[in-house]
Amino acid sequence: MGKSSFKNTGEQKYIREIMDQLPDGVILHALDGRIIACNATACRLYCYTREEMLKLRIADLAPERIAATLPRLITVGGTTQGVYVWMTTRKKNGQVFTTEVSSNLIRIGGEDRILVCMRDINLVSQEQTALAGLNDSGAEHIPVYLITWQFHDNDFVLIGYSNSAERFTRDLISYEIGKTAFKREMTYRTITTREDKSISLTYVYVPPNLVVNHIEDMTDRHKAQAALQEGRERLRAQYDHMPVPTLTWQGRGQKFFLIDHNRVMKEFTKGAIVDHLGKTADMLYSDRLDIQADIRNCFQRKKEVKRETFYITFSGLGKKLVVITNTFVPPDLVLSHIEDITARKMFEEELRNSEQNLRSLSSQLFQAEEKERQRIARDIHDSIGQHLSAIKINADRALTQVPAGSPAEAIMEAGIPLIQQTIEEVRRIIMDLRPTVLDLGILATISWFCREFNKIYPDIKVEQELAVEEQVISSSLKIILFRILQEAMNNSARHSRAYCIKVSLRHINTMLELIVEDNGIGFDVDKTRRRTDCKGVWELPVCANGWNLRRDNFYCSPGTVSEPSFRLHGRSATSGKIILQ
């Protein structure tokens, strides 16, 4: 057992009790390396009993490779002065492991002694990992690997390393213990198993003769930085090539600074935007508080804010109609997309004017056609109709004056029915041109037409639902409704093979709805629309006496139901705007 230097047994017991209370392993040894005292933690760490430990020297706890250099570390001037360094030590069974070791010179009983504290680096790593996980589970952790060098014989000897360095080198560093740096007994390439790494080296001097080498593996960080830079360049390229002029504002306090713009914005402003970089929104939009408010609201609410407005460009070349869309980009940016819609709005206005002119022209043509139909019908009625009636009257009178049984009587009896048939045909033509029953109202006209339709097509059942007041419908609209009904029912009779047609005319709030529905075979609507020889309801006017008409719903399902549906919307049926669907 090492010779005790304590004044008495009580003092030795007192110091041992203090050392046993410490959580780290503690060894007290003389300058020549003899272990004088140790605590229970140190015994457990090295797997010795206390009696066995007191028979050893401090060098016996080091691997053979560095045992020769250890005496230089335990001289009076060779302690770590309380700084923990990584050293490789050896257990009783010969197992080599890494510990954190600190040493300091103390004076006991008038003699210099060296107090050594050590702890198992594996336990330290576990505690640090748990602490890092509790305190900052989302933080970025850069691996740090530590190697301890001792200056000896004008060279540096590797005497210890951290647990992370062992993993980093795949346990190869353990074979380098005791080797020197300058004599090239080991190289970094050898330790890293020939893998390419990006590292950061930091050297910390620990008096009097130690250097702790911090090695940070920067490979993943550099890859992440390269990927980040690549992403930034890609985003920059996308930003510059966006087809819409775009400004980037950065919020700083209550101000928004113009920090960037894309290539299209530079072209849009004839290069003038370059001179405004760094200026604030209230400077650039001093007369447009609404645009300033949009940027502020977008930033505060983190929502898209859009505005259509007239806008004088930074180039000062004139006012344009634009849509400004502000989009929040975390954490402090607002992108303003400025889309010039001046040309589009002009085109839309021209299109609306063209459609209005088309409606007006269509209405005029329809009215002219109806007037011509009415004139022709009146002329036929007043001329041909009257003449035929006179011929029939004269023929009936002549029949009474011819001798009975004569050939003339037979000719007259055969001719009078032909005259009557001609009169009926003329009446039919007149009714097709412009039914005089329209003067009695649309409801009477629909009922009359359905009866006439049944006379011509007795195998087709016609059902009516007329839920509208006569005074609701203007006279100009009545002829349109009749033409729709006439065309739809005639098409159904000729093409659908239906045996039932339903006619519905209803007044729903501000809407008139006319539905002609049959149970026929249907047809291809789009194909029928494209045929130049089959127009039908598609040739009806888009406007009539101020009524705007639109056809939006005409569908047929082949094999099921053929249903042309027309809805007329307006404030009333005598004034205002209507839409024909």
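Residues numbered from 1 in each chain as written. Predicted model: local features only at pLDDT ≥ 70, side-chain atom pairs only at ≥ 80, totals over all residues. Heavy atoms only, no water.

Things to note about the sheet that holds strand β12 (residues 305-312)
So, point 1. Here we have 5 strands laid out as an open sheet, ordered β11-β10-β14-β13-β12, and antiparallel in their pairing. The strands lining the two open edges of the sheet, one partner per strand, are β11 (255-261) and β12. Averaged over neighbouring strand pairs, the angle between their axes works out to 30 degrees when direction is ignored.
So, point 2. As paired strands, strand β10 (residues 246-252) and strand β14 (residues 333-340) are joined by 5 bridges and run antiparallel to one another. Among the inter-strand pairings, T246 is bridged to a residue of β14, identified as H337.
So, point 3. Running over the sheet, helix α12 (residues 289-301) touches β10, β11, β12, β13 (319-329) and β14 and is turned about 20 degrees from β13.
So, point 4. Contacts from helix α13 (residues 342-401) reach β12, β13 and β14, with the element oriented near 125 degrees to β13. (Pairing = 2+ DSSP bridges. Helix = DSSP H or I, 4+ residues; strand = E, 2+ residues; numbered from the N terminus. Axes fitted to C-alpha atoms, helices over the stretch in contact; angles between N-to-C directions. Contact = heavy atoms within 4.5 Å.)

Thoughts on the confidence of the model for the protein chain
So, point 1. With 74% of its residues at a pLDDT of at least 70, the protein chain reaches an overall mean of 76.
So, point 2. Predicted confidence is poor over residues 131-142, with pLDDT under 50, and the contacts of this stretch with residues over four places away or in other chains come to 8 contacts.
So, point 3. Low pLDDT, under 50, characterises residues 541-581; the predicted model gives this stretch 149 contacts beyond four residues in sequence or across chains. (pLDDT = per-residue confidence, 0-100.)

Brief notes about the nonpolar core
So, point 1. Core analysis: the biggest nonpolar cluster contains 33 residues, and I27, Y46, M53, L61 and M118 have the highest contact counts within it.
So, point 2. Elements represented by at least two residues in this core include exactly β2 (35-38), α2 (40-46), β3 (85-90), β4 (96-108), β5 (111-120), β6 (144-152) and β7 (155-161).
So, point 3. Leave out the neighbours within four places in its chain, and Y46 touches I27, L61, T89, R90, K91, K92, F97, T99 and M118.
So, point 4. With 31 residues, the next largest nonpolar core counts V462, L477, F482 and I501 among its residues. (Core = buried A, V, L, I, M, F, W, Y, C linked by side-chain atoms within 4.5 Å. Buried < 20%, exposed > 50% of the residue type's maximum accessible area, 1.4 Å probe, protein only.)

Some details on the sheet that holds β2
So, point 1. Strands sit in the order β2-β1-β5-β4-β3 across an open sheet of 5 strands; the sheet is antiparallel. Of all strands in the sheet, those bounded by a partner on one side alone are β2 and β3. Within this sheet the neighbouring strands show an average axis-to-axis angle of 35 degrees, counted without direction.
So, point 2. Two elements, β3 and β4, share 6 bridges in a ladder whose sense is antiparallel. By the bridge assignment for β4, T88 is matched with T98.

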